[in-house]
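What the coordinates show
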Amino acid sequence: QQQVKQSPQSLIVQKGGISIINCAYENTAFDYFPWYQQFPGKGPALLIAIRPDVSEKKEGRFTISFNKSAKQFSLHIMDSQPGDSATYFCAAGYSTLTFGKGTMLLVSP
Amino acid sequence: DVKVTQSSRYLVKRTGEKVFLECVQDMDHENMFWYRQDPGLGLRLIYFSYDVKMKEKGDIPEGYSVSREKKERFSLILESASTNQTSMYLCASSEQFVEKLFFGSGTQLSVL
């Protein structure tokens, strides 16, 4: 089974700080790397995604950094807000997605 | 607004029962997926379907089957429910295979 390893398991960040979540994958055939955000009682929702032809993608306060040679990618949340408190999943794949185990982010006011 | 609807939010069943989890999408998507979500294990793919009457096994298909008789509906079947199938079950659909999965809100199944 292909693995996607996600860290940390949980994270507490002060309001206004930067949240960083890291993922590593094994399969070099993977060509799509999304991040999903999940609030309690809801299904995950796509936050941002990247393909390996670029090293960085930014959408508002959310940035994906991608390192193809290291087979790693990360999510940066700038100016973190209490409303960002959620569980974040990285994923990777080419026909179906393999998800990481998730990171519970708490942004303290 | 796009919608993936799962028939039950909470379900309690007894060991050995046959359980049906229903999912309906209103986006005319070709692809539909069933995942289970367990604390500390993330989301794991059970089965997926890329067309009506077509199905493919995911990473953890044992103890499950699926049915897709109509494009908009994808059912997950637990032939004989066991306690280790207590979990949150998430249905998803997509237009392009891996891109932009739309998830339902999930069914929390408890098998006693």
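Our subject is the structure listed above.
Values in this document were obtained by computation on a predicted structure and should not be read as measured data. (Residues numbered from 1 in each chain as written. Chains lettered and ligands numbered in written order. Predicted model: local features only at pLDDT ≥ 70, side-chain atom pairs only at ≥ 80, totals over all residues. Heavy atoms only, no water.)

Side chains of nonpolar character tend, in soluble globular proteins, to be buried together. One finds Phe33(A), Trp35(A), Phe73(A), Leu75(A) and Tyr88(A) to be the most contacted residues of the largest nonpolar core, which totals 24 residues. Where this core is concerned, the elements lending two or more residues are strand S2 (10-14), strand S3 (19-25), strand S4 (33-38), strand S5 (45-50), strand S7 (62-67), strand S8 (72-77), strand S9 (86-93) and strand S11 (103-108) of chain A. Among the elements that make up this core, the one with the highest residue count is S9(A) (four residues). If we skip the residues at most four places from it in the chain, Leu75(A) touches Ser19(A), Ile20(A), Ile21(A), Trp35(A), Leu47(A), Ile48(A), Phe62(A), Thr63(A) and Tyr88(A). By size, the runner-up hydrophobic cluster in this structure holds 21 residues, among which are Val4(B), Leu11(B), Tyr47(B) and Tyr89(B). (Core = buried A, V, L, I, M, F, W, Y, C linked by side-chain atoms within 4.5 Å. Buried < 20%, exposed > 50% of the residue type's maximum accessible area, 1.4 Å probe, protein only. Helix = DSSP H or I, 4+ residues; strand = E, 2+ residues; numbered from the N terminus. Contact = heavy atoms within 4.5 Å.)

Right, let's talk about the side chain of Ser49(B) for a bit. All names here are of chain B. When you line up the elements, serine 49 lands in strand S5 (residues 42-49). Taking relative accessible area as the criterion, serine 49 reaches 0% and is therefore assigned buried. Reaching out from serine 49, the side chain makes a polar contact with the backbone oxygen of methionine 54 at a distance of 2.6 Å. Within polar-contact distance, the side chain of serine 49 engages the side chain of arginine 68 at 3.0 Å. (Polar contact = N/O pair within 3.5 Å; in protein donor to acceptor, adjacent residues only side chain to side chain.)

Bear in mind that shape data such as this cannot, by itself, settle questions of function.
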